[in-house]
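# Structure assessment
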Amino acid sequence: MTVSLPGYVFLLAIGVLLPLRSWLALRKHPLGAPIAAPKAKRYRVGITLTLLQAAFAFYVALDNRLQPLFGSPRLDAATVLATLALLAVALWTLQWMVRHRSPGWRMRFYSILPETPRQRVVWVFICMIVAVAEEVLYRAVLWGLLERLTGDYWISALLASLVFALNHLVQGWISTGTIFVIGFGFHLLVDVSGGLYAAVAAHFIYDLSAGLCYSGAARKESLAAESMKTAPLATP
């Protein structure tokens, strides 16, 4: 089967334009540089863009007959073990990075996370939207289109993982490499479980855990940054 014109537009947008946007964002806001936009505004923009991308992905999936998108739900020992293993590796990696990466990286990481009770509630909804949208985008539609073009499951999975990682380039190059490995792990989970359900669940739990576990640290970072802005200059 061939790829339709909307499918090629999808490949261009997700595979080229979004990584370019993320690279430009990293150049504009290097690690350690504060991001001026308020967190609430960034959340609104992020949710809107994610929903638009997901809607486009569903349209492309229908247009190219990439069905069924989510596969069949399966709850067997292999799926449970693979999900727990992926979560353990991903959360351990995140903990290691928080402890050992540069202050600039931690500042960028904390700038994403919720700080207030209201932001934590919003974060839960963000995690649900992102988990479904990104799994559909990268593990279903992008992979499905690439598999048609390459004819190879695992080459398509590697390419989709690379695009997934590059679209998170704003978090820095080392994080991008880590996300590439974790993204490929999600493809392995999809292969083991036979669908997106386990991957969506793992994605949601990972993002939710990151936001809630490090929310306090994000608040401290924000307060420290505010105190430095308001502190009087020392007189000679």
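Residues numbered from 1 in each chain as written. Predicted model: local features only at pLDDT ≥ 70, side-chain atom pairs only at ≥ 80, totals over all residues. Heavy atoms only, no water.

Moving on, we get to helix α8 (residues 197-213). The end-to-end C-alpha separation of α8 is 24 Å, in line with the 24 Å expected for 17 residues at 1.5 Å each. Of the positions making up α8, those classed as buried are Ala198, Ala199, Val200, Ala202, His203, Tyr206, Asp207, Leu208, Ala210 and Gly211. (Helix = DSSP H or I, 4+ residues; strand = E, 2+ residues; numbered from the N terminus. Expected span 1.5 Å × (residues − 1). Buried < 20%, exposed > 50% of the residue type's maximum accessible area, 1.4 Å probe, protein only.)

Helix packing for two helices is described by the angle between their axes and how far apart those axes are. Where helix α3 (residues 77-100) meets helix α4 (residues 103-112), the axes come as close as 8 Å, and the angle between the chain directions of the two elements is 125 degrees. Between α3 and α4, the angle is such that the two are oblique. Along its contact with α3, which presents Leu94, Met97, Val98 and Arg99, the element α4 presents Trp105, Arg106, Phe109 and Tyr110. In the contact of α3 with α4, the residues fall into six nonpolar, no polar and two charged. (Axes fitted to C-alpha atoms, helices over the stretch in contact; angles between N-to-C directions. Parallel < 35°, antiparallel > 145°, perpendicular 65-115°, else oblique. Contact = heavy atoms within 4.5 Å. Nonpolar A, V, L, I, M, F, W, Y, C, P; charged D, E, K, R; others polar.)

One side chain can pair with another of opposite charge once the charged atoms of both are near each other. The full count for this structure, using the stated rule, is two salt bridges. Ionic pairing is found between Glu115 and Lys39, a salt bridge with its closest N-O pair at 2.8 Å. Remark: Lys39 occurs in helix α2 (residues 39-63) and Glu115 occurs in the loop between α4 and α5 (117-150); sequence separation between them is 76 residues. What makes Glu115 buried here is its relative accessible area of 12%. By relative accessible area, Lys39 is classed as buried at 9%. Residue Arg139 pairs with Glu135 through a salt bridge whose shortest N-O separation is 2.8 Å. Of this pair, Arg139 and Glu135 both sit in helix α5, four residues apart, which is roughly one turn of the helix. The class for Arg139 is buried, based on a relative accessible area of 3%. (Salt bridge = Lys/Arg side-chain N within 4 Å of Asp/Glu carboxyl O.)

Once that is clear, we can look at the confidence of the model for the chain. Across the chain, the average pLDDT comes to 90, with 93% of residues at 70 or higher. Helix α9 (residues 215-230) is the least confidently modelled element of the chain, averaging 65 in pLDDT, while helix α6 (residues 153-166) averages 97, the highest of any element. (pLDDT = per-residue confidence, 0-100.)

Further remarks concern the nonpolar core. In summary, soluble globular proteins display a tendency toward joint burial of nonpolar side chains. Counting 55 residues, the largest nonpolar core has Phe10, Ile14, Leu94, Phe109, Val141, Leu142 and Leu145 as its most contacted members. Counting only elements with at least two residues in this core, the list comes to α1 (5-28), α2, α3, α4, α5, α6, α7 (173-193) and α8. Looking at this core element by element, the count peaks at 14 residues for α5. When residues no more than four places from it in sequence are discounted, the contact partners of Ile14 are Pro19, Leu137, Tyr138, Leu142, Val163 and Asn167. (Core = buried A, V, L, I, M, F, W, Y, C linked by side-chain atoms within 4.5 Å.)

What follows is about the packing of aromatic side chains. Applying the stated rule across the entire model yields 10 aromatic pairs. Seen from their ring centres, Phe109 and Tyr110 are 5.7 Å apart, and the 45 degrees between their planes marks the pair as tilted. Looking at Phe109, the relative accessible area reads 11%, which means it is buried. Summarising the aromatic geometry, the rings of Tyr153 and Trp154 are spaced 4.6 Å apart at their centres and angled 70 degrees between planes, so their arrangement reads as edge-to-face. Under the relative-accessibility criterion, Trp154 is labelled partly exposed at 34%. Feature note: the residues Trp105, Phe109, Tyr110 and Tyr214 constitute an aromatic cluster, connected by ring pairs. Sitting over the ring of Phe164, Arg139 keeps its end group 4.3 Å from the ring centre. (Phe/Tyr/Trp six-rings, centres within 6.5 Å; stacked < 30°, edge-to-face > 60°. Lys NZ or Arg CZ within 6 Å of the ring centre and 35° of its normal.)

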